[in-house]
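Each chain, letter by letter, is given below.
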Amino acid sequence: HVMAQVFLLDFFVNTHQKTNHKQKCKQIIYFRVIDKVIPRLSHINPAVVFGCIKLIVRYLDYLSGEELIKNLIKKLAPSIVSVVSQQERQDCGFPQ
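So, here is what we can say about the structure in this document. Values in this document were obtained by computation on a predicted structure and should not be read as measured data.

**Details of a nonpolar patch on the surface**
- A surface patch of nonpolar side chains, amounting to about 410 Å² of accessible area, comprises Phe7, Leu8, Phe11 and Phe12.
- Tracing the chain through its elements places leucine 8 in helix α1 (residues 2-14).
- Classification of leucine 8 as partly exposed rests on a relative accessible area of 46%.

So, in structure tokens, the structure goes:
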């Protein structure tokens, strides 16, 4: 189940949406995908969290609205710190 989530997240990150929709429609689609992914930022598996971070960062390029982007970055920060600190603990041999 976790590997399926990671696979799907990577698929969305690496797939460019080539549609004829107007820019506003694309922004709505990207925002909806981000909105569905945000709860996974607190997932226990760091691979899922990292996949969510990659997807959100990738889709930020397609969004407009300074406040929206700032809020999304604020939501990313704790997850990035968590993933990095967990990796550092593993590298130093500390238990998780």
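**What about the packing of helix α2 (residues 23-37) against helix α3 (residues 46-60)?**
- Between α2 and α3, the least distance of the axes is 10 Å, while the angle of their chain directions is 160°. Compared by their axis directions, α2 and α3 come out roughly antiparallel. The crossing of α2 and α3 is left-handed. Residue-level contacts link Tyr30, Val33, Ile34 and Val37 of α2 to Cys52, Leu55, Ile56 and Tyr59 of α3.
- The residue makeup of the contact of α2 with α3, split by class, is 8 nonpolar, no polar and no charged.

What counts, and where the lines are drawn
Residues numbered from 1 in each chain as written. Predicted model: local features only at pLDDT ≥ 70, side-chain atom pairs only at ≥ 80, totals over all residues. Heavy atoms only, no water. Patch = residues over 30% accessible without salt bridge, like charges linked within 9 Å, V, L, I, M, F, W, Y side chains within 5 Å. Areas by Shrake-Rupley, 256 points an atom, 1.4 Å probe, with all protein chains shown as cover. Salt bridge = Lys/Arg side-chain N within 4 Å of Asp/Glu carboxyl O. Helix = DSSP H or I, 4+ residues; strand = E, 2+ residues; numbered from the N terminus. Buried < 20%, exposed > 50% of the residue type's maximum accessible area, 1.4 Å probe, protein only. Axes fitted to C-alpha atoms, helices over the stretch in contact; angles between N-to-C directions. Parallel < 35°, antiparallel > 145°, perpendicular 65-115°, else oblique. Left-handed = near helix turned anticlockwise from the far one by under 90°. Contact = heavy atoms within 4.5 Å. Nonpolar A, V, L, I, M, F, W, Y, C, P; charged D, E, K, R; others polar.

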